[in-house]
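Secondary and tertiary structure notes
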Amino acid sequence: MAIATYPQHRDALVAFFANLAVQTALKDEPAPSGCSVEQFANIGVSRVLARRHEAPGQASTGVDDRSGEIETKSMPPRLSQLIRASGLTEDQVAVRVGLDAGLMMKLDRRRIVGRRPLEMFRRIADEIRMPPAHVIASTTGAPIPSSRGNLRKAKGPIKIETETFEVAINASTLSADLKAFWLQRLADADEPTA
């Protein structure tokens, strides 16, 4: 919305919103060890670019003309939305990448926190023909609850269970070979993680 309103300041606005997205990502989730500035920049830029391509009535970030404050209305698209937009199903992507349906669901609902192998994001990105930064952004942030019905029935604050990548892999239905593969990628000091 801000870019459409002020096209002559496009580059400055993109840089500003990229910085804002990085700061928001840092505030929402503790920085995983081994995460580079370049990875956070990719996440921020992908969020800004995703917002630029939304329909005009769905602008998610803009400047409030009355107060001059930045307002953020939505998160980046979920992994399941990116996969459906590519014409594939989550099960198809899971099989091609070497994951299972449970892991895909946990990634989609942002339930896996901490270090995750960049190789996993690269493989998913290759399957859905998107940059890895888009996939990382779709799986980063506050965990998403399973259903709205459970939220309405809750008497107190909802505690959404999260787990590390290692715990999620060990709890998965993957073969022992695939589990070992992913755990090795996580343990490999030379392998970047997100």
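Residues numbered from 1 in each chain as written. Predicted model: local features only at pLDDT ≥ 70, side-chain atom pairs only at ≥ 80, totals over all residues. Heavy atoms only, no water.

**Focus on the overall build of the chain**
Our working definition: Labels follow the DSSP assignment, with helices taken as runs of H or I lasting at least four residues and strands as runs of E lasting at least two, numbered in each case from the N terminus. Areas reported here follow the Shrake-Rupley algorithm with a probe of radius 1.4 Å; residue values treat only the protein chains shown as occluding.
For the chain, the helix and strand inventory stands at 11 helices and four strands. For the chain, the exposed area adds up to about 11100 Å²; of that, 53% sits on carbon and sulfur atoms.

**Focus on the pattern of salt bridges**
When their charged atoms lie close together, side chains carrying opposite charge are able to pair. The cut-off we apply is this: For this document, the term salt bridge refers to a Lys or Arg side-chain nitrogen within 4 Å of an Asp or Glu carboxyl oxygen.
In total, this model carries five salt bridges according to the counting rule given. Between Glu-127 and Arg-96 there is a salt bridge; the shortest N-O distance is 3.3 Å. Taken as a pair, Glu-127 in helix 7 (residues 118-128) and Arg-96 in helix 5 (residues 90-97) lie far apart in primary sequence, 31 residues in all. Taken together, the salt bridges that share partners define one network made up of Glu-119, Arg-122 and Arg-123.

**Description of unusual backbone geometry**
Going by this rule: Exposure is judged per residue with a 1.4 Å probe applied to protein chains only, and the accessible area is read against the type maximum: over 50% gives exposed, under 20% gives buried, and values in between give partly exposed.
At Arg-110, a residue that is not glycine, the phi angle is positive and equals roughly 60°. Along the chain, Arg-110 turns up in the loop between helix 6 (101-108) and strand 3 (112-113). Relative accessible area serves as the criterion here: at 3%, Arg-110 is assigned to the buried category. Its identity is not glycine, yet Arg-129 carries a phi of approximately 55°, on the positive side. Its place among the elements puts Arg-129 in the loop between helix 7 and helix 8 (132-138).

**What to know about the packing of aromatic side chains**
Stated precisely, the cut-off is as follows: Whether two aromatic rings pair depends on their centres lying within 6.5 Å, for rings of Phe, Tyr and Trp, where Trp uses its six-membered ring; planes under 30 degrees apart make the pair stacked, over 60 edge-to-face, and the rest tilted.
A full pass over the atoms with the stated rule returns two aromatic pairs. When the centroid spacing of 6.5 Å and the interplanar angle of 80° are considered together, the rings of Phe-165 and Trp-182 count as edge-to-face. On the criterion of sequence distance, the pair formed by Phe-165 in helix 10 (residues 165-171) and Trp-182 in helix 11 (residues 176-187) is long-range, its members being 17 residues apart. The exposure class of Trp-182 is buried, given its relative accessible area of 0%. When the ring of Phe-181 is compared with that of Trp-182, the centres are 4.9 Å apart and the planes differ by 75°; the resulting orientation is edge-to-face.

**Observations regarding the environment of Gly-114**
Its place among the elements puts Gly-114 in the loop between strand 3 and helix 7. A residue is classified by how much of its surface remains accessible, and Gly-114, at 29% relative accessible area, is partly exposed. Sequence separation of Gly-114 and Glu-166 is 52 residues, and the distance between their C-alpha atoms is 9.6 Å.

**Side note on the nonpolar core**
Definition in use: Only buried Ala, Val, Leu, Ile, Met, Phe, Trp, Tyr and Cys residues count toward a nonpolar core, and they belong to the same one when joined by side-chain atoms within 4.5 Å. Here, two residues are considered to be in contact whenever any of their heavy atoms come within 4.5 Å of each other.
Val-93, Leu-99, Met-120, Ile-124 and Trp-182 are the most contacted members of the largest nonpolar core, which totals 26 residues. Tallying contributions element by element places helix 7 first for this core, with six residues. Apart from residues lying up to four places away in sequence, Ile-124 is in contact with Leu-79, Val-93, Val-97, Leu-99, Leu-107 and Val-135.

**What to know about the packing of helix 5 against helix 6**
Pairs of packed helices are described in terms of their axes, by the angle between the two and the distance that separates them. Put simply, the test is: In this analysis, axes come from line fits to C-alpha atoms, helices being fitted only over the stretch in contact, and the angle between any two N-to-C directions falls in the range 0 to 180 degrees. When an angle is under 35 degrees it counts as roughly parallel; over 145 it counts as roughly antiparallel; between 65 and 115 it counts as roughly perpendicular; any other value is oblique. Whether a crossing is left-handed or right-handed is set by the direction in which the near helix is turned from the far one by less than a right angle, anticlockwise for left-handed and clockwise for right-handed. For this classification, the nonpolar set comprises Ala, Val, Leu, Ile, Met, Phe, Trp, Tyr, Cys and Pro, the charged set comprises Asp, Glu, Lys and Arg, and every other residue, Gly included, is treated as polar.
Between helix 5 and helix 6, whose axes approach to 9 Å, the crossing angle comes to 110°. Here helix 5 lies roughly perpendicular to helix 6, going by the angle between them. Crossing hand, helix 5 versus helix 6: right-handed. Residues Glu-90, Asp-91, Val-93 and Ala-94 of helix 5 lie in contact with helix 6, whose contacting residues are Ala-101, Met-104 and Asp-108. Residues that form the contact of helix 5 with helix 6 fall into these classes: four nonpolar, no polar and three charged.

Worth remembering: the numbers are spatial, not functional.
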